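Coordinates in review
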Amino acid sequence: MSRLPLIEPEALPPYMKAIHDATPEENWLGRHFARAFAPAEDLVQAYQAFYHPWHTGGAGVLPPRLKELIRLRIATLNGCVLCKTVRMAPEVVSEEEAASGVDRVDESGFSARERAAIHFAEKMAVDHHNISDDDVANMRRLFTDAEFLELSMMAGQYIGFGRVLALLQLEVAACPI
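Computed from a predicted model, the values in this text were never measured in an experiment. (Residues numbered from 1 in each chain as written. Predicted model: local features only at pLDDT ≥ 70, side-chain atom pairs only at ≥ 80, totals over all residues. Heavy atoms only, no water.)

1. Points about the side chain of His 32
What counts is decided by this rule: Think of it this way: any DSSP run of H or I at least four residues long counts as a helix, any run of E at least two long counts as a strand, and we number them from the N terminus. Every residue pair with non-hydrogen atoms within 4.5 Å of one another is taken to be in contact.
With respect to the helices, strands and loops of the structure, His 32 is situated in helix H2 (residues 28-36). Excluding anything up to four places from it in sequence, His 32 contacts Leu 6 and Leu 170.

Next comes the structure, spelled out in structure tokens:
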């Protein structure tokens, strides 16, 4: 059960009502998100204005595929069912890759850059205090500094947002971290 009151759908502000009403009825987590975040409609609008261009809208130097692979792996690590089930880049990440491939990165057909990015994001999520100079140097061999910074920032916000959803108890938390 949500740790914040869930505003009744008919009382939602316009932006949150649009999110709620566009979410399929069986996706109660998405609908609960709109209801719980209703008091912070401006925050949600600003966050989405940042998030969507950087994630799949062409902003930045990393391809949307790489960001989506990282997002999906972190969703598993955060135990965020909503994040794991949403497909934000289905045209560049197959359903098999999204559903389980990112959780078996060394057994899947990912490129060296994709494997390195997924492993680095995983380490950020589960063991960030032990990221070493060697870890960063290995990433810098495969990524430009701009790419590395974008990858790190995007991974950080994926980790953080998934944990916010978990702490609000908008879904059953199953965080393996």
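Still more to cover.
2. A short note on helix H4 (residues 64-78)
Heads up, the condition is: The span one expects for a helix is its residue count, reduced by one, times 1.5 Å. Burial classes: relative accessible area under 20% of the type maximum marks a residue as buried, over 50% as exposed, and values in between as partly exposed (1.4 Å probe, protein chains only).
Between its first and last C-alpha, H4 extends 21 Å over 15 residues, near the 21 Å set by a 1.5 Å rise per residue. Within H4, 13 of the 15 residues are buried, which leaves the element mostly enclosed by the surrounding structure. Directly after H4, the chain includes Gly 79, whose backbone phi takes a positive value near 70 degrees.

3. Focus: the pattern of salt bridges
Applicable threshold: The term salt bridge refers to a pairing of a side-chain nitrogen on Lys or Arg with a carboxyl oxygen on Asp or Glu at a separation within 4 Å.
As enumerated under the stated definition, the model contains 14 salt bridges in all. Across the pair Arg 73 and Asp 103 runs a salt bridge whose closest N-O atoms are separated by 2.8 Å. Separated by 30 residues along the polypeptide, Arg 73 in helix H4 and Asp 103 in the loop between helix H6 (95-99) and helix H7 (112-127) bring together distant segments of the chain. Residue Arg 73 is classed as buried on the basis of its relative accessible area, which comes to 10%. Here Arg 140 ties to Asp 145 by a salt bridge, and the two come within 2.7 Å at their closest N and O atoms. Judged by its relative accessible area of 42%, Asp 145 is partly exposed. Linked through salt bridges whose partners overlap, the residues forming this network are Arg 73, Lys 84, Asp 103 and Glu 122.

4. Re the packing of aromatic side chains
The condition that has to hold: Only rings of Phe, Tyr and Trp enter the pairing, Trp through its six-membered ring, and a pair is recorded when the two centres are within 6.5 Å. The plane angle decides the type: under 30 degrees is stacked, over 60 is edge-to-face, the rest tilted.
Tallying each qualifying case throughout the model produces seven aromatic pairs. Relative to Phe 161, the ring of Phe 33 has its centre 6.1 Å away and its plane inclined at 75 degrees; by these criteria the two rings are edge-to-face. One end of the pair, Phe 33, is in helix H2; the other, Phe 161, is in helix H9 (residues 145-167), and 128 residues separate them in sequence. With a relative accessible area of 10%, Phe 33 lands in the buried category. We classify Phe 161 as partly exposed; its relative accessible area is 23%.

5. A word on unusual backbone geometry
Non-glycine residue Gln 169 carries a positive phi angle of around 55 degrees. Tracing the chain through its elements places Gln 169 in the segment after H9.

6. Digging into the confidence of the model for the protein
Note the threshold: Residue-level confidence of the predictor, termed pLDDT, takes values from 0 up to 100.
Per-residue pLDDT for the protein has a mean of 91; in total, 96% of the residues score no lower than 70. Across the protein, helix H8 (residues 133-142) holds the top mean pLDDT of 98, while helix H5 (residues 81-85) sits lowest at 80.

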